[in-house]
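Chain by chain, the residues run as shown.
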Amino acid sequence: MVLTKTGLIKDLNKASDILVKHELGDSKVALDVGQEVKAVENFEAKVLMVGTFSAGKSALLNTFMDGVSGEEILKENISMETAIATELRYSEQAYAIKVKQDGSREKCSIEEAKSADPTGYLKYEFYLPIENLKKLKNIVIVDMPGHSSGVKEHNKAIAQYINSAAGYVYVISSDNGTFDIQSQNFLREIQHYSGEIKYVLTKCDKHAKEDLSDIAEEIKDNIEEIVEHDVTLTKTSSRYSDAQATMYSLFSSFDLTDLLAAKEGYKSYGLLESTKGMLTEQKQALVLDTSEIDKKIAENEAKKASLAQRLEEKREEYLAKLKTQGTEKVVSKVEDKLRQNVSALVRAAKGGSNTFGNTVSSLIRPELSQATSDFMTATYGELLEDVTSGIFGDSNYLADRAGTLFGGLKDFGQKYAAKENSRIATSILAGLAIVTDFVAPVVELIILFIPEIVSFLTKNIQERKLREQIENEIIPQIVEDLRQKLPEYMEQVGSDTLKNIEDSINLQIDSANEAIQKLRDDKKEQEVNLDEKKQVLDQSLNEIADMMSEMEKDLDKE
C-alpha cells in the first residue's frame with residue numbers, strides 16, 4: 001500500500017535520490033519533489049463538527065478535550081452573530097491565530113480570541129496542549145457555526161472547507177425530537193462534498209431511556225431516507241462519563257486515504273512522471289552529438305513560443321465560451337435545483353428570511369460547485385488538445401505530459417465524475433484554484449441579494465400564493481442575478497486556467513532542457529560513457545516505472 005504518508009514520502013525521496021544520481025538535483029523538478037515531501041509531511045485532514053445552532057457541538061468538543069472537568073475551552077451558548085469556524089490543533093503551548101478574510105494572520109491568546117469580535121475574520125485556529133488532539137495526529141477538528149446561524153456567517157464558514165473536509169460529524173440535538181427540514185437540506189448539501197459523514201445524537205441525558213429510543217429511531221429513519229443507506233447514530237451527552245472516549249473513537253475512525261489521494265497522491269504521481277520524463281529525454285539524447293542536442297533545445301524553446309502564441313489566439317474564444325455557455329450551464333443547473341425544491345423553499349419562507357436564505361444557499365452551493373467542475377473539466381480537455389495540437393508530436397514526452405497536467409485532471413476528472421462521490425474530481429479542480437475560489441464569492445453575491453429577494457415575499461398569505469410567488473418571482477430573480485454576475489467570475493476562472501496551462505507545460509519543457517543540457521555539457525567534457533550511462537538510466541527508469549505502477553493501483557482504488 002503506497003498511498004499513505006509514509007509510502008508517498010518514501011517514493012518521493014527515492015525520486016529525489018534518482019535525480020541527484022543523474023546530476024539533476026538542482027532541477028526545478030527536484031525542487032518541486034522536495035516541496036511535495038514537505039506538503040505530504042504536513043498533510044492534515046479537517047473533520048467538521050456541524051449541526052444546528054445550539055445543538056451541543058461546542059459542549060461535546062469541550063468534553064472531548066477536557067473530560068468532564070467543566071472547563072469551557074470553546075465558548076458555548078454564543079449568539080449567532082459571534083459564531084466562527086474554529087480549528088483545533090495540538091501544540092505544547094496554548095495560543096490562537098485569527099485568520100482574516102485576506103489570509104493575513106494575527107497571533108493572540110486563547111482568551112483574547114474567545115472575547116474578540118469575529119467580524120472580518122475567516123476563521124480561528126486554536127493551538128492547545130491537549131493529549132486527545134495530539135493522539136489524533138493528522139486530524140484537525142473544526143467547530144463550525146450552526147447551519148441555522150446567520151446566512152452570511154454560515155456561508156463564509158462552509159465555503160472555505162468545500163474541498164478540504166475529510167468528513168463531517170453531524171451533531172443532532174435530542175431536544176428537538178426530530179430532524180428538521182433545514183437540517184435535512186444541509187445534509188443533502190454536504191453529501192456532495194464528502195462521502196464520510198458520522199452522526200451523533202446529543203443531550204441524551206435529558207430523556208428517559210424509552211423516549212430517547214423513539215427519538216433516535218425517528219431521526220435515524222429521516223437520515224437514512226436522505227442518504228439511502230444504513231447509518232449509525234451515536235447517542236451521547238457532554239455530561240456522560242464516557243463521552244470523551246466516545247468522541248475520540250468517532251474522530252479517529254475517519255479514513256484519510258481518500259483525501260490524501262486527492263490532495264497529494266496525484267501531485268506525487270505527476271512528479272514521478274516528470275522525473276521519468278527527464279530521464280527519458282536524457283536517454284533519447286544519448287545518440288545525439290552536442291550540436292544536435294543544441295538544436296533540440298532550440299526546438300523546445302520554439303515550442304514554448306508557439307504555445308504562448310496559440311494560447312493568446314485562443315484566449316478570447318475560450319473566455320467567451322466560459323462567460324456564455326459556462327454561465328448558462330451553471331444557471332440552468334441552479335434553476336432546475338430550485339424548481340425541484342419549491343416545496344422546501346415554501347416551508348423555509350414561512351420560517352423567515354434567515355431560514356429561507358440558508359435553504360437557498362444549501363441548495364445552490366453544491367450545484368455551483370458541481371456544475372462548474374463538470375463544465376471546466378470538459379472545456380479544459382478541449383482547450384488542452386486545441387493549444388497543443390501541432391506543437392507536440394504524438395511520441396513526444398512533452399505532449400504526453402501535457403495531457404496529464406495538474407495530476408491528470410482530464411483523465412481522472414472524467415473517471416471520477418461518473419462516481420456517486422465525485423469529491424476527488426472536485427478536489428483536483430481545487431488544485432487549479434477553480435472550485436473553491438469560484439464558489440465562495442459567487443455564493444457570497446447570492447447572499448447579498450437574498451435579503452432583498454426575501455423582502456418581496458408577502459407575509460401571511462396562503463401557501464398556494466406563496467408558492468406562486470416563489471416560482472414566478474423569487475426563482476427568476478435569483479436566476480437573473482446569477483446570469484448577470486457569473487460571467488465576471490467565469491472570466492477570472494478562465495484566465496487562471498490559461499496561465500496554469502502555460503506555466504505547467506513550460507515547466508515540462510524547461511525540465512526536459514535541463515536534462516539534456518547536462519548531458520550536452522558532459523559530452524563536451526567527454527565525461528560520459530554512453531553504454532554505462534544508458535544502463536544506469538534504464539535502471540532508474542525501471543525503478544520510477546515500478547513506483548508509478550504501484551501508485552496507479554492505489555489511486556485506481558480510491
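Everything quoted here is computed from the prediction, not taken from an experiment.

Engineer: Hey, could you go over the overall build of the protein for me, with residue numbers and the actual values?
Structural biologist: Helix and strand counts for the protein come out as 19 helices and 9 strands. The buried share of the protein, reckoned over its 558 residues, is 55%. Of all intrachain contacts in the protein linking residues separated by at least 6 positions in sequence, the fraction that spans at least 24 positions is 82%. Accessible surface computed for the protein: about 24,500 Å², of which carbon and sulfur atoms make up 44%.

Engineer: Which residues make up the UniProt feature "coiled-coil region" (unreviewed entry) in the protein, and what are the values?
Structural biologist: Residues annotated by UniProt as "coiled-coil region" (unreviewed entry) correspond here to residues 297-328 and 502-550. Structurally, residues 297-328 comprises 100% helix and 0% strand, and the distance from its first C-alpha atom to its last is 44 Å.

Engineer: Please set out empty space enclosed by the protein residue by residue, giving values where relevant.
Structural biologist: Under the criterion given, the structure shown has 2 cavities of 30 Å³ or more. The volume enclosed by the second largest cavity comes to roughly 50 Å³. Around the second largest cavity sit Thr52, Tyr170, Val171, Ile172, Ser173, Asn176, Thr178, Phe179, Asp180 and Ser183, which together line it. For the lining of the second largest cavity, the element with the highest residue contribution is strand β7 (residues 165-173), accounting for 4 residues. Along the lines of polarity and charge, the residues of the lining of the second largest cavity split into 4 nonpolar, 5 polar and 1 charged.

Engineer: I'd like a description of the side chain of threonine 275, backed by residues and values.
Structural biologist: Locating threonine 275 in the fold gives a position in helix α10 (residues 257-285). The class of threonine 275 is buried, set by a relative accessible area of 0%. A polar side-chain atom of threonine 275 sits 2.9 Å from the main-chain carbonyl oxygen of leucine 271. Setting aside its immediate chain neighbours within four residues, threonine 275 contacts Ala15, Leu19, Val29 and Ile544.

Engineer: Give a description of the environment of glutamate 281 that names residues and reports values.
Structural biologist: Mapped onto the secondary structure, glutamate 281 falls in helix α10. The class of glutamate 281 is buried, set by a relative accessible area of 3%. It is 9.7 Å that separates the C-alpha atoms of glutamate 281 and leucine 519, two residues lying 238 residues apart in sequence.

Engineer: Just give me the short version of the environment of asparagine 513, but keep the residues and values in it.
Structural biologist: Relative to the helices and strands, asparagine 513 is located in helix α18 (residues 463-524). In this structure asparagine 513 comes out as buried when scored by relative accessible area, which is 2%. Taking the C-alpha atoms as reference points, asparagine 513 and alanine 298, separated by 215 residues in sequence, lie 9.1 Å from one another. Contact partners of asparagine 513, with chain neighbours within four places excluded, come to Ile297, Asn300 and Glu301.

Engineer: Give me the packing of helix α1 (residues 5-21) against helix α2 (residues 28-41): which residues, what numbers.
Structural biologist: Where α1 contacts α2, the two axes come as close as 9 Å, and the packing angle between them is 160°. Considered as vectors, α1 and α2 are oriented roughly antiparallel to each other. Every pair of crossing elements has a handedness; the one defined by α1 and α2 is left-handed. Touching Lys5, Leu8, Ile9, Leu12, Asn13, Ser16 and Leu19 of α1 are Val29, Ala30, Val33, Glu36, Val37, Val40 and Glu41, all from α2. Counted by class, the contact of α1 with α2 contains 9 nonpolar, 2 polar and 3 charged residues.

Engineer: Could you give me a rundown of the pairing of strand β2 (residues 86-90), with the residues and numbers involved?
Structural biologist: Each regular strand carries side chains that alternate between the two faces of the sheet. Counting buried positions over the 5 residues of β2 gives 4, a clear majority of the element. For β2 and strand β5 (residues 121-128), the ladder comprises 5 bridges, and the chain directions are parallel. By the bridge assignment, glutamate 87 is partnered in β5 with glutamate 125. As defined by bridge partners, β2 adjoins strand β6 (residues 139-143) across 3 bridges and the pair is classed as antiparallel.

Engineer: So what about the pattern of salt bridges? Which residues, and what values?
Structural biologist: Tallied over the entire structure, the rule returns 35 salt bridges. The partner of aspartate 175 in a salt bridge is lysine 203, and the shortest N-O contact between them spans 3.8 Å. One end of the pair, aspartate 175, is in the loop between β7 and α7 (181-190); the other, lysine 203, is in the loop between β8 (197-202) and α8 (209-227), and 28 residues separate them in sequence. Residue lysine 203 is classed as buried on the basis of its relative accessible area of 19%.

Engineer: Residues and numbers for the sheet that holds β5, please.
Structural biologist: In space, the 9 strands of this open sheet follow the order β4-β3-β5-β2-β6-β1-β7-β8-β9, with mixed pairing throughout. Looking at which strands have only one partner, the edges of the open sheet turn out to be β4 (105-108) and β9 (233-235). Put simply, the sheet's adjacent strands are angled 25° from each other on average, direction ignored. Alignment of β7 against β8, held across 6 bridges, turns out to be parallel. Paired with isoleucine 172 across the strands is leucine 201, a residue of β8.

Engineer: Go over the packing of aromatic side chains, please, and point to the residues and values.
Structural biologist: Within the structure shown, the criterion is met by 7 aromatic pairs. Considering the side-chain rings of tyrosine 121 and tyrosine 124, the 6.1 Å spacing of their centres and the 65° angle between planes classify their relative orientation as edge-to-face. On the accessibility criterion, tyrosine 121 (10% relative accessible area) is buried. Plain terms: the ring middles of tyrosine 170 and phenylalanine 179 are 5.5 Å apart, the flat faces sit at 65° to each other, and that makes the pair edge-to-face.

Calculation notes
- Numbers given to residues run from 1 along each chain, matching the order in which its sequence is written.
- Per-residue local features of the predicted model are confined to residues with pLDDT of at least 70, and side-chain atom pairs are confined, for both listing and counting, to 80 or more; whole-chain, interface and lining totals are unaffected and use all residues.
- Computation of side-chain values covers all heavy atoms of the structure but excludes hydrogens and water.
- Note on conventions: DSSP H or I runs of at least 4 residues are helices, E runs of at least 2 residues are strands, and numbering of each starts at the N terminus.
- Relative accessibility decides the category of a residue: with a 1.4 Å probe and only protein chains considered, values under 20% of the type maximum give buried, values over 50% give exposed, and everything between is partly exposed.
- The contact definition used throughout considers only heavy atoms, calling two residues in contact when any of these lie within 4.5 Å.
- Exposure was quantified through the Shrake-Rupley algorithm and a 1.4 Å probe, taking into account, for residues, occlusion by the shown protein chains and nothing else.
- UniProt positions are given in the numbering used here, feature names are shortened, and annotations may be inferred rather than shown by experiment.
- Here a cavity denotes a set of grid points, spaced 1 Å apart and computed over the protein atoms alone, in which a 1.4 Å probe fits but from which it cannot get out, and a pocket denotes an open set meeting protein on both sides within 12 Å along at least five of seven lines; residues with an atom within 4 Å of a point are reported as lining.
- Grid points are joined across faces, edges and corners, and a volume is the space filled by probe spheres set on the points.
- Each residue is assigned to one of three groups, with Ala, Val, Leu, Ile, Met, Phe, Trp, Tyr, Cys and Pro labelled nonpolar, Asp, Glu, Lys and Arg labelled charged, and all others, Gly among them, labelled polar.
- Here a polar contact means two N or O atoms within 3.5 Å. Within protein one must be a hydrogen donor candidate and the other an acceptor candidate, and residues neighboring in sequence count only if both atoms are side-chain atoms.
- Axis definition: a line fitted to C-alpha atoms, limited for helices to the stretch in contact. Angles are taken between N-to-C directions and run from 0 to 180 degrees.
- Orientation is classified from the angle alone, with under 35 degrees giving roughly parallel, over 145 giving roughly antiparallel, 65 to 115 giving roughly perpendicular, and any other angle giving oblique.
- What makes a crossing left-handed is the near helix being turned counterclockwise from the far one by less than a right angle; a clockwise turn instead makes it right-handed.
- DSSP calls a pair of strands paired once it identifies at least 2 bridges connecting them.
- Salt bridge, as used here, is a side-chain nitrogen of Lys or Arg placed within 4 Å of a carboxyl oxygen of Asp or Glu.
- Pairing of aromatic rings covers Phe, Tyr and the six-membered ring of Trp, with a centre-to-centre limit of 6.5 Å; geometry is then stacked below 30 degrees between planes, edge-to-face above 60, and tilted otherwise.

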